[in-house]
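Coordinate inspection notes
Single-letter residue listing:
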Amino acid sequence: MAPKGGNAKKESGRAKKAENEAKKQEATAADKALPRSCAKKEAEKWEDGAKGSKAKEEKEAKRLAELARKAENARLLAEEEAAPAKAKPAPKKKKDVKPAGPGAIAAGGGSSEAVPATETNSKDEPPKEIESYAATGIDNALDLLE
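Residues numbered from 1 in each chain as written. Predicted model: local features only at pLDDT ≥ 70, side-chain atom pairs only at ≥ 80, totals over all residues. Heavy atoms only, no water.

As a further point, take the overall build of the chain. Of the regular secondary structure elements, the chain holds five helices and zero strands. Helices and strands in the chain line up, N terminus first, as α-α-α-α-α. Looking at the chain as a whole, 0% of its 146 residues qualify as buried. Here the chain displays about 15100 Å² of accessible surface, and carbon together with sulfur accounts for 57% of that area. (Helix = DSSP H or I, 4+ residues; strand = E, 2+ residues; numbered from the N terminus. Buried < 20%, exposed > 50% of the residue type's maximum accessible area, 1.4 Å probe, protein only. Areas by Shrake-Rupley, 256 points an atom, 1.4 Å probe, with all protein chains shown as cover.)

This part covers the pattern of salt bridges. For the structure shown, the criterion picks out four salt bridges. The residue Arg 63 makes a salt bridge to Glu 60 at a minimum N-O spacing of 2.7 Å. Of this pair, Arg 63 and Glu 60 both sit in helix 3 (residues 54-82), three residues apart, which is roughly one turn of that helix. Under the relative-accessibility criterion, Glu 60 is labelled partly exposed at 35%. (Salt bridge = Lys/Arg side-chain N within 4 Å of Asp/Glu carboxyl O.)

Here we come to helix 1 (residues 8-33). Between the first and last C-alpha of helix 1 there are 38 Å, a value that for 26 residues agrees with the 38 Å anticipated at 1.5 Å per step. The N-cap of helix 1, judged by a side-chain oxygen 3.4 Å from the amide nitrogen of Lys 9 a few residues on, is Asn 7. (Expected span 1.5 Å × (residues − 1). Polar contact = N/O pair within 3.5 Å; in protein donor to acceptor, adjacent residues only side chain to side chain.)

This brings us to a nonpolar patch on the surface. Taken together, the side chains of Ile 138, Leu 142 and Leu 145 present a nonpolar region at the surface, about 370 Å² in accessible area. Along the chain, the position of Leu 142 falls in helix 5 (residues 138-145). Given the relative accessible area of 47%, Leu 142 is considered partly exposed. (Patch = residues over 30% accessible without salt bridge, like charges linked within 9 Å, V, L, I, M, F, W, Y side chains within 5 Å.)

Further remarks concern the confidence of the model for the chain. Put simply, the chain has an average pLDDT of 78, and 66% of its residues get 70 or more. The least confident element of the chain, judged by mean pLDDT, is helix 4 (residues 117-120) at 52; the most confident is helix 3 at 93. (pLDDT = per-residue confidence, 0-100.)

A word on the environment of Ala 135. Along the polypeptide, Ala 135 turns up in the loop between helix 4 and helix 5. Separated by ten residues in sequence, Ala 135 and Leu 145 place their C-alpha atoms 10.0 Å apart. Setting aside anything within four residues of it in sequence, one finds Ala 135 in contact with Asn 140, Ala 141 and Leu 144. (Contact = heavy atoms within 4.5 Å.)

Next up, the structure:
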């Protein structure tokens, strides 16, 4: 037993401690008695003020979309590599055409742009011989023209 004129602070502290212990026991008993629907309501109340987890969900959705895009690109690349490559046609070789000399066009030969000799001469007539002159130097060329 405590003495009659005991410590008042000590007595009030013990009383508060006993009250708090009783409240805790009542709260645990009430939690056990609550049905699950009440617990859901309680969780919803807590979620109302809490930060949303939408940012995490959005990041995860973006990450999954990026992975899907990369997988599609890899599939297309593999498909392209597996397909046989079309061979490019080899460029056609042209016949070696020598440049026409100064008298070649007049003689009926030379570049392919000139009219072929078969079109100018008929089949019945023999090909005509064209006279050609050659001169070296300007003086000889002028003499040849006269």
